[in-house]
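Commentary on secondary and tertiary structure
Given next are the chains, with one letter for each unit.
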Amino acid sequence: MSNEVRIWVNGRLVAADQPALAALDHGITVGDGAFETCKIVDGEVFAADRHLARMDRTLTGLGLPVADRALVQQGVDAVLAAGEPIGFGRLRYTITGGPGPLGSDRGDEGMSYIVTAAEVVPYADTTAVATVPWTRNERAATAGLKTTSYAENVIALAHAKAKGGTEAIFANTRGELCEGTGSNIFAVADGVVRTPPLESGCLAGITRELAIEFAREVGIEVVEEAMPLSVLETADEAFLTSSTRDVQPIHAIDGRELDAPGPVTERMREAFAKGSAASPNP
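A brief look at the structure comes next. What you see is a predicted model, and the numbers here were worked out from it, not measured in a lab.

Scoring rules and cut-offs
- Residues numbered from 1 in each chain as written.
- Predicted model: local features only at pLDDT ≥ 70, side-chain atom pairs only at ≥ 80, totals over all residues.
- Heavy atoms only, no water.
- Pairing = 2+ DSSP bridges.
- Helix = DSSP H or I, 4+ residues; strand = E, 2+ residues; numbered from the N terminus.
- Contact = heavy atoms within 4.5 Å.
- Axes fitted to C-alpha atoms, helices over the stretch in contact; angles between N-to-C directions.
- Salt bridge = Lys/Arg side-chain N within 4 Å of Asp/Glu carboxyl O.
- Parallel < 35°, antiparallel > 145°, perpendicular 65-115°, else oblique.
- Nonpolar A, V, L, I, M, F, W, Y, C, P; charged D, E, K, R; others polar.
- Buried < 20%, exposed > 50% of the residue type's maximum accessible area, 1.4 Å probe, protein only.

**Side note on the sheet that holds strand S1 (residues 5–9)**
Spatially, S2-S1-S6-S5-S3-S4 is the arrangement adopted by the six strands of the open sheet, whose pairing is antiparallel. A single partner strand is all that each edge strand has here, and the edge strands are strand S2 (12–14) and strand S4 (44–45). Direction of pairing for strand S3 (residues 33–41) relative to strand S5 (residues 88–96): antiparallel, over a ladder of nine bridges. Bridging from a neighbouring strand, Cys-38 pairs with Leu-91 of S5. Across the sheet, helix H3 (residues 69–80) lies against S1, S2, S3, S4, S5 and strand S6 (112–119), angled at about 150° from S1, the strand it touches most.

In structure tokens form, the structure reads like this:
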């Protein structure tokens, strides 16, 4: 697998060690930006339209103009064509507030566009997770937005890894199960799949959305409802969803072993695989 990361910034391909963004870009100085991470399968971006729609929702929530989709596509085309076709990988595009002053006020020079792509190793068949003592604020101005302000995720993920997990799981300020640092979480009890509602403050994950749709199409009951974080102490099964994980069973939560994949999770995986195989842009 190649370790090369292909990078396009504001209209041109650049090397990984080449300066390409202003030091006073608001994305650097205050984390003022939005991003999307998409799966690449056989050289194609999966669920591209849904990701673009979510990018616009995040930008609108930040008070920024919606994306110039033609410019995003120019960047996507450039990185995908910059080498051999990527069999399985990650495409990320980021849009920041652009150059601005040192502070929270924005400048007026326009937004910055960054697109990257690289091959990645698929996630393991199952994973372990750990809960963390910090919370998501479901009432925050950025609740549910996919922003570039990820410092709390960096801290939480390091904490989870120290406890033997590969993902950190947050509650919200009400003590309800919320989400991971880069994933959504589902719990299974008595054969019913449950996941936190968007009102919990979790991200509206594209894979979460598709997993729910595909599951319901084949008769799997999926309920979106508020649950205490403690549901993870008794769940029969649990799994994560994200753009590059798809549906990933959880084999341990805070050291408690679970059946992975359990029978319901396996049905979810099969439904997602079948649904996603039907179209690269569902």
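**Topic: the pattern of salt bridges**
This structure, assessed with the given rule, holds 16 salt bridges. As a salt-bridge pair, Lys-163 and Asp-254 come within 3.6 Å of each other at their nearest N and O atoms. Here Lys-163, found in the loop between helix H4 (151–162) and strand S8 (167–172), pairs with Asp-254, found in the loop between strand S14 (246–253) and strand S15 (256–257); they are 91 residues apart in sequence, far enough to count as distant. Across the salt bridge formed by Arg-194 and Glu-225, the nearest N and O atoms sit 2.6 Å from each other. Taken together, the residues span a long stretch of sequence, with Arg-194 in strand S11 (residues 192–195) and Glu-225 in the loop between strand S12 (222–224) and strand S13 (237–242) at a distance of 31 residues. Within the structure, one salt-bridge network assembled from shared partners comprises Arg-50, Glu-209 and Glu-213.

**Details of the packing of helix H5 (residues 206–217) against helix H6 (residues 263–277)**
Put simply, H5 and H6 touch, their axes get as near as 9 Å, and they point 100° apart. Of the possible angle classes, the one that applies to H5 and H6 is roughly perpendicular. Across from Thr-207, Leu-210, Ala-211, Phe-214 and Ala-215 in H5, the residues of H6 making contact are Met-268, Ala-271, Phe-272, Gly-275 and Ser-276. By residue class, the composition of the contact of H5 with H6 is seven nonpolar, three polar and no charged.

**Notes on the pairing of S3**
Most of S3 sits out of view: eight of its nine residues are buried. Note that S3 and S4 share two bridges and pair antiparallel. When the bridges of S4 are listed, Val-41 appears paired with Glu-44. Between the end of S3 and the start of S4, which pair antiparallel, lie two residues, with Asp-42 showing a positive phi angle near 50°.

Remember, this is a structural readout, not a statement about activity or role.
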